[in-house]
Every structure is written in C-alpha cells, then in structure tokens.
Amino acid sequence: MQLGDKKMIMQRASIGAKTGLGVPVQIQVEGLDLTQGAGPPTEVLCLMNMVVPEELEDEEEYEDITEDVKEECGKYGTVKSLEIPRPIKGVDVPGCGKIFVEFNSMLDCQKAQQALAGRKFSNRVVVTSYYDPDKYHQREF
C-alpha cells in the first residue's frame, strides 16, 4: 500500500517468531507492555511505530498519511474519526508519532487490529493497541 511517498508492506506479525539464530524476535515500543497483547477491545485503535514526528511536520506529507490511513482502515469498517498528534517546536506533544483511529464499532476496530498488527511500514513493524475512548475524546494521548 502506498502511504504518501512511502510504501507499506503487508505481512503478518513476527512477534514471537524465531530469527535465523533460533532467538525470538522482540519488538520494543517505548511505554508499551506487549506481554498484555493489544489490551481489552474498544472502538479506538492506536497505531504505533508507523510514523515518526519528523514525517508529520510537512503539511502535504501529513495530509497524505491521514488520507491513506483513513482509506486503509476503512477496509475494515467505518472510520468515525482519526487523530494524528503533530509535533510543535519547543513543546512535548503527548501521543506525537502515534495514530489514533476511532471506528463505528468495537467489531470493526478488532478487524482492523488483527489485520494491521505486524505489518511493515517504512522498515518499521506496526504495533497496535486498543485505546480508551474516553481518553481519546478528551484528547489525552
């Protein structure tokens, strides 16, 4: 899938897979405990390790990413809203580098989570987690 000027390669998650050396593959995302899986299902999905703040600074690239994520997530159900916190010079923006997608139903969100977790984007493995809808609506990223 083309996402702006980058290409997302669809592939199943390699979490728990073995490397050629017989060592389990480990994916680490700061502040995320992957031992709990994606957490309890909600209508909001958080996509991590997909974009970096530098990619969100350019207006055109930001718009491309937003449209492409809406289109891809729309394959799994109705996307009600989408938030991609952007960097602000000199300010620590909570959630910057993460993508939050609100679906019409928990079932749609679960379908997207199962399909998107582990896909590769720009040589990064996408990590997904369900997100608290109340925090999402209050913009507590």
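Residues numbered from 1 in each chain as written. Predicted model: local features only at pLDDT ≥ 70, side-chain atom pairs only at ≥ 80, totals over all residues. Heavy atoms only, no water.

**Topic: the nonpolar core**
Counting 23 residues, the largest nonpolar core has Leu-45, Leu-47, Met-50, Val-69, Ile-99 and Val-101 as the members making the most contacts within it. Secondary structure elements with two or more residues in this core: strand E3 (44-48), helix H1 (59-73), strand E5 (99-103) and helix H2 (106-116). The contacts of Leu-45, once residues within four sequence positions are left out, are Ile-99, Phe-100, Val-101, Phe-103, Cys-109, Ala-112, Gln-113, Leu-116, Thr-128, Ser-129 and Tyr-130. Counting eight residues, the second largest nonpolar core, distinct from the first, contains Cys-46, Met-48, Tyr-131 and Tyr-136. (Core = buried A, V, L, I, M, F, W, Y, C linked by side-chain atoms within 4.5 Å. Buried < 20%, exposed > 50% of the residue type's maximum accessible area, 1.4 Å probe, protein only. Helix = DSSP H or I, 4+ residues; strand = E, 2+ residues; numbered from the N terminus. Contact = heavy atoms within 4.5 Å.)

**Digging into the pattern of salt bridges**
This model, assessed by the stated rule, comprises seven salt bridges. In this structure, Lys-75 and Glu-72 form a salt bridge, with 2.9 Å as the shortest nitrogen-oxygen distance. Lys-111 is the salt-bridge partner of Asp-108, the closest N and O atoms lying 3.7 Å from each other. Separated by three residues within a single helix, Asp-108 and Lys-111 lie in helix H2, roughly one turn from each other. Judged by relative accessible area, which is 40%, Lys-111 ranks as partly exposed. Salt bridges sharing partners connect three or more residues here, namely Glu-72, Lys-75 and Arg-119. (Salt bridge = Lys/Arg side-chain N within 4 Å of Asp/Glu carboxyl O.)

**Description of the confidence of the model for the chain**
Looking at the chain, pLDDT values average 82 and 74% of them are 70 or higher. Least confident of the elements in the chain is strand E2 (residues 6-9), whose mean pLDDT is 58; most confident is E5, at 98. Contacts for the low-pLDDT stretch residues 11-19, under 50 throughout, to residues beyond four places or in other chains number 18 contacts. pLDDT under 50 marks residues 23-29. Its contacts with residues more than four places away, or in other chains, come to 16 contacts. (pLDDT = per-residue confidence, 0-100.)

**Here we look at a negative patch on the surface**
There is a patch of like negative charges on the surface, built from Glu-54, Glu-57, Asp-58, Glu-60, Glu-63, Asp-64, Glu-67 and Glu-71. Structurally, the position occupied by Glu-63 is in helix H1. (Patch = residues over 30% accessible without salt bridge, like charges linked within 9 Å, V, L, I, M, F, W, Y side chains within 5 Å. Areas by Shrake-Rupley, 256 points an atom, 1.4 Å probe, with all protein chains shown as cover. Lys, Arg positive; Asp, Glu negative; His and termini not counted. Charge placed at Lys NZ, Arg CZ, Asp CG, Glu CD.)

**Quick look at the side chain of Thr-42**
By secondary structure assignment, the location of Thr-42 is in the loop between E2 and E3. Owing to a relative accessible area of 13%, Thr-42 belongs among the buried residues under this scheme. Here Val-44 takes part through its backbone oxygen, which lies 3.0 Å from a polar atom of the side chain of Thr-42. Within the structure, Thr-42 has its side chain in polar contact with the backbone oxygen of Tyr-131 (distance 2.8 Å). Apart from residues lying up to four places away in sequence, Thr-42 is in contact with Met-106, Cys-109, Tyr-130, Tyr-131 and Pro-133. (Polar contact = N/O pair within 3.5 Å; in protein donor to acceptor, adjacent residues only side chain to side chain.)

**Topic: the pairing of E3**
Here is the key point about a regular strand: its side chains alternate between the two faces of the sheet. Where burial is concerned, most of E3 is hidden: five out of the five residues are buried. Of the two faces of E3, the one carrying Val-44, Cys-46 and Met-48 and the one carrying Leu-45 and Leu-47 are both buried. Of the pairings in the sheet, the one linking E3 to E5 comprises four bridges and is antiparallel in character. Bridge pairing links Cys-46 to Phe-100 in E5. (Pairing = 2+ DSSP bridges.)

**Topic: H1**
An α-helical turn contains 3.6 residues, so any two residues separated by three or four positions project in the same direction. In a regular helix each residue adds 1.5 Å, so 15 residues correspond to 21 Å; H1 covers 21 Å between its end C-alpha atoms and thus fits that length. If you check which residues of H1 are buried, you get Glu-61, Tyr-62, Ile-65, Thr-66, Asp-68, Val-69, Glu-72 and Cys-73. At the N-terminal end of H1, a side-chain oxygen is found 3.3 Å from the backbone nitrogen of Glu-60, two or three residues along, and the residue is Asp-58. (Expected span 1.5 Å × (residues − 1).)

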